[in-house]
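Below are the chains, spelled out letter by letter.
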Amino acid sequence: MITTNYSFPIAQKANRRSAQRQTVYLFFCLLLAGIPARALDSATATENALTPIRSYISSAWDVLTRSMTKCDSIADPKLATTAVLYLPAGFPPTSSVQRLEKDCKVEVKYLPIEIHRPGEIDVNQIQPPGLLFLENRYVVPGGRFNEMYGWDSYFEILGLLRDGRLDLARGMVENFFFEIEHYGTILNANRTYFLTRSQPPFLTSMIMAVYQAEKAAGKADSGWLAKAYGYASKDYEMWNRDPHLAGATGLSRYYDFGEGPAPEGLQDEAGYYRSVASFFFEHPEVADHDLVETRTGETNPDAIGFLFTLQLCEATSAGSKCDPLKTLSLTRDFYKGDRSMRESAFDISFRFGPYSAQTHHYAPVCLNSLLYKTEKDLEQMSRLLGKANESDKWQKRADERKERINKYLWDSERGQFFDYNFDTQKRSSYEYASTFYPLWAGLATPEQARSVLGNLPVFEQAGGLAMSHTNTGAQWDYPYGWAPIQLLGIEGLRRYGFSADADRLSYKFLSTVLENFRRDGTIREKYNVVTRSSETHVATGYKSNVVGFGWTNGVFLELLHSLPPAVVERLANEESTAARPRPK
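These figures come from a predicted structure and were not determined experimentally. (Residues numbered from 1 in each chain as written. Predicted model: local features only at pLDDT ≥ 70, side-chain atom pairs only at ≥ 80, totals over all residues. Heavy atoms only, no water.)

Honestly, the overall build of the chain in this entry has me stumped. Any pointers?
Scanning the chain from N- to C-terminus turns up 17 helices and 17 strands. Against the compact-globule benchmark of 25 Å for 584 residues, the chain has a radius of gyration of 25 Å, which places it among compact chains. For the chain, the spread of C-alpha atoms along the principal axes amounts to about 90 × 60 × 60 Å. For the chain, buried positions account for 57% of its 584 residues. (Helix = DSSP H or I, 4+ residues; strand = E, 2+ residues; numbered from the N terminus. Rg over C-alpha atoms; globule rule 2.2 N^0.38 Å. Buried < 20%, exposed > 50% of the residue type's maximum accessible area, 1.4 Å probe, protein only.)

So this is what it looks like as structure tokens:
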């Protein structure tokens with residue numbers, strides 16, 4: 001089981017000793033460079049003020065690391081199931097699996113078929129659900145998320161590289177190669193019920209981050225890059241064939257191959273689908289293809305999943321007397337959208353209609369920006385590998401996608417990028433923080449970037465970037481901010497020369513994380529960026545604010561690294577002042 005609070009006395013002592021050694025080393029370096037003693041005092045003060053949170057993050061990597069040799073890797077807090085580990089069909093059991101089976105009383109099973117692409121197997125036939133085998137160690141987000149996730153891992157890997165954990169970071173990337181080879185694609189996470197969907201594609205960004213880190217360490221591995229290029233090219237194709245194509249736009253969409261309610265939410269999101277059905281019943285004007293009535297003796301192919309009974313009740317002194325009025329069901333199309341929303345990883349917002357039930361009807365800004373970035377990365381990788389013809393192919397694909405993004409997703413009047421509903425052939429008007437993705441990917445023109453900057457007040461709050469300015473009660477909407485979007489937005493602004501804005505947003509978010517860490521000693525999954533608090537009041541979906549937390553740890557280190565020394569010193573000074581005991 002994963003604890004919800006961390007205490008690392010031994011690790012923290014080790015980190016304090018490490019910090020002391022670094023300070024002594026810095027002292028001699030500054031003396032040799034002829035830097036005044038006051039500069040040493042400032043550097044030491046900065047180091048000491050940020051040591052507690054840096055130590056927490058360093059220790060958290062170990063707490064959050066899982067492998068096929070650790071018993072706590074198998075547990076699934078999202079479901080009440082027995083501990084089962086699944087190996088790919090025909091895959092020889094390793095010694096680590098045999099030890100896990102013996103020492104942890106874990107049942108080991110094989111998947112019934114070889115899997116080459118998502119949707120190839122009915123996951124309902126895999127009972128009980130369980131963990132999917134991976135060869136290398138990996139970092140989990142924390143709490144209910146006790147497996148290796150698709151897009152979380154990119155931000156965790158950035159943090160691992162900043163903390164010098166290159167082997168762990170590279171092993172996680174190689175786990176994704178294993179998933180592509182044996183499970184058909186990069187999965188939402190390595191559980192059997194996730195075999196129906198992927199997550200936002202950050203694989204080439206992970207590959208290039210690890211490759212560049214190894215190169216900087218004098219260990220550029222062109223053989224590894226060639227292997228990575230092959231796997232990344234294969235996974236890219238999944239997004240560029242049906243059913244992941246967004247109609248006739250030439251762009252891509254999110255699409256989950258499963259049907260019916262998403263199993264990972266049935267235990268700790270209890271009542272979610274009932275709340276959704278209630279909302280659509282009360283708002284029939286937005287319930288297009290989402291809610292249907294079912295009648296006794298009739299079969300409706302659109303009605304799957306839960307049944308919800310409406311009653312007409314008469315309140316009397318003796319109690320209530322009720323008669324059944326009608327029975328409702330969420331539709332097949334709703335569940336497809338609900339599952340596809342989870343592949344988008346923005347679960348839950350109202351970005352793609354209420355409860356994002358129309359996700360699979362949209363060409364999203366985020367996904368297509370990431371695929372443009374993938375194409376540019378593959379172009380760079382092919383050039384490094386001497387594959388000139390292939391690099392020209394990737395350049396052409398990137399240029400074509402950029403043209404289509406500008407055609408369908410850019411709104412010149414509003415100065416933002418919006419998702420496009422390819423069924424209605426209308427661009428969304430829902431202002432969302434995904435508008436920063438084209439800047440991060442480098443596909444926006446300088447004029448578009450300036451227009452997006454002009455809309456920064458729509459999203460900027462006291463604690464950083466909010467996901468939207470629409471308060472729906474969902475955690476991926478206002479007033480919440482998430483570490484990954486802070487990083488993508490800030491790096492996007494910095495890429496186009498808006499460094500002062502990037503520094504200001506970095507400071508706001510980092511100081512929010514520091515302030516809450518000082519109060520409760522933890523780092524969280526998300527923050528209320530309006531109140532600068534980790535206290536969240538999510539009305540729909542899972543309501544916890546998970547402790548850990550993998551991607552917040554990684555983003556904290558990455559943003560801190562990119563800040564000018566003066567801003568880092570400001571953070572440290574404020575941290576020192578706030579932590580200083582008050583005089584009696």
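Would you mind going over the side chain of T204 with me for this structure?
One can find T204 in helix α6 (residues 203–216). Relative accessible area serves as the criterion here: at 2%, T204 is assigned to the buried category. Leaving out residues up to four positions away in the same chain, T204 has contacts with A232, K373, T374, D377 and L378. (Contact = heavy atoms within 4.5 Å.)

Looking at this structure, how should I read the sheet that holds strand β13 (residues 426–427)?
Pairing between sheet strands relies on hydrogen bonds along the backbone, with the strands arranged either parallel or antiparallel. Spatial strand order, β9-β12-β13: three strands in an open sheet with antiparallel pairing. Looking along the sheet, the strands with just one partner apiece sit at the ends: β9 (362–363) and β13. As paired strands, β9 and strand β12 (residues 420–421) are joined by two bridges and run antiparallel to one another. Pairing of Y362 across the sheet is with N421, part of β12. (Pairing = 2+ DSSP bridges.)

Explanation requested: the packing of helix α14 (residues 483–495) against helix α15 (residues 499–520) in the structure shown.
To describe two helices that pack against each other, one gives the angle between their axes and the distance between the axes. In the contact formed by α14 and α15, the axes pass within 8 Å of each other and the chain directions differ by 160°. Between α14 and α15, the crossing angle belongs to the class labelled roughly antiparallel. For the pair α14 and α15, the sense of crossing is left-handed. Listed contacts from α15 to A483, Q486, I490, L493 and R494 of α14 are S499, D501, A502, D503, L505, S506 and F509. Per-class residue counts for the contact of α14 with α15 are six nonpolar, three polar and three charged. (Axes fitted to C-alpha atoms, helices over the stretch in contact; angles between N-to-C directions. Parallel < 35°, antiparallel > 145°, perpendicular 65-115°, else oblique. Left-handed = near helix turned anticlockwise from the far one by under 90°. Nonpolar A, V, L, I, M, F, W, Y, C, P; charged D, E, K, R; others polar.)

When you look at the pattern of salt bridges in this model, what are you seeing that I'm missing?
Note that side chains of opposite charge can pair when their charged atoms are close. This model, assessed by the stated rule, comprises 40 salt bridges. Here R117 ties to E120 by a salt bridge, and the two come within 3.9 Å at their closest N and O atoms. Relative accessible area serves as the criterion here: at 44%, R117 is assigned to the partly exposed category. Residue E120 is classed as partly exposed on the basis of its relative accessible area, which comes to 31%. Residues R295 and E293 are paired through a salt bridge, measuring 3.6 Å at the closest nitrogen-oxygen approach. A residue is classified by how much of its surface remains accessible, and R295, at 47% relative accessible area, is partly exposed. E293 sits in the partly exposed class, given a relative accessible area of 28%. (Salt bridge = Lys/Arg side-chain N within 4 Å of Asp/Glu carboxyl O.)

When you look at the nonpolar core in this model, what are you seeing that I'm missing?
Generally speaking, nonpolar side chains in soluble globular proteins are found buried as a group. Ranked by size, the top nonpolar core spans 171 residues in total, and within it W151, I207 and L330 carry the most contacts. In terms of residue count, the dominant contributor to this core is helix α5 (residues 166–183) (nine residues). Not counting chain neighbours up to four residues away, the residues in contact with I207 comprise V173, F177, W224, L225, A228, A232 and M381. (Core = buried A, V, L, I, M, F, W, Y, C linked by side-chain atoms within 4.5 Å.)

Would you mind going over unusual backbone geometry with me for this structure?
Glycine aside, a negative phi is what most residues show, and trans is what most peptide bonds show. For the peptide bond that leads from D242 to P243, omega is 5°, which places it in the cis range. Mapped onto the secondary structure, P243 falls in the loop between α7 (222–238) and α8 (272–282). Between D347 and I348 the backbone carries a cis peptide bond, its omega angle lying at 20°. Positive phi, normally seen in glycine, also occurs at Y355, with a value near 60°. Secondary-structure assignment places Y355 in the loop between α9 (332–344) and β9. Taking relative accessible area as the criterion, Y355 reaches 8% and is therefore assigned buried. Phi is positive for R532, which is not a glycine, with a value near 55°. With respect to the helices and strands, R532 occurs in the loop between β17 (526–528) and α16 (550–562). Using a relative accessible area of 18% as the deciding quantity, one classes R532 as buried.

What is the right way to look at the packing of aromatic side chains in this model?
Any two aromatic rings considered together are summarised by their centre-to-centre distance and by the angle between their planes. Tallied over the entire structure, the rule returns 51 aromatic pairs. Ring centres of Y154 and F202 lie 5.1 Å apart, and the angle between their planes is 20°; this geometry places the pair in the stacked category. Taken together, the positions of Y154 in helix α4 (residues 152–162) and F202 in the loop between α5 and α6 put the pair 48 residues apart, joining distant regions of the chain. No difference in accessibility class separates Y154 from F202, as the two residues are buried. A cation over a ring is seen here: R144 above Y542, with NZ or CZ 4.1 Å from the ring centre. The ring centre of Y507 lies 3.8 Å from the NZ or CZ of R570, which sits over that ring. (Phe/Tyr/Trp six-rings, centres within 6.5 Å; stacked < 30°, edge-to-face > 60°. Lys NZ or Arg CZ within 6 Å of the ring centre and 35° of its normal.)

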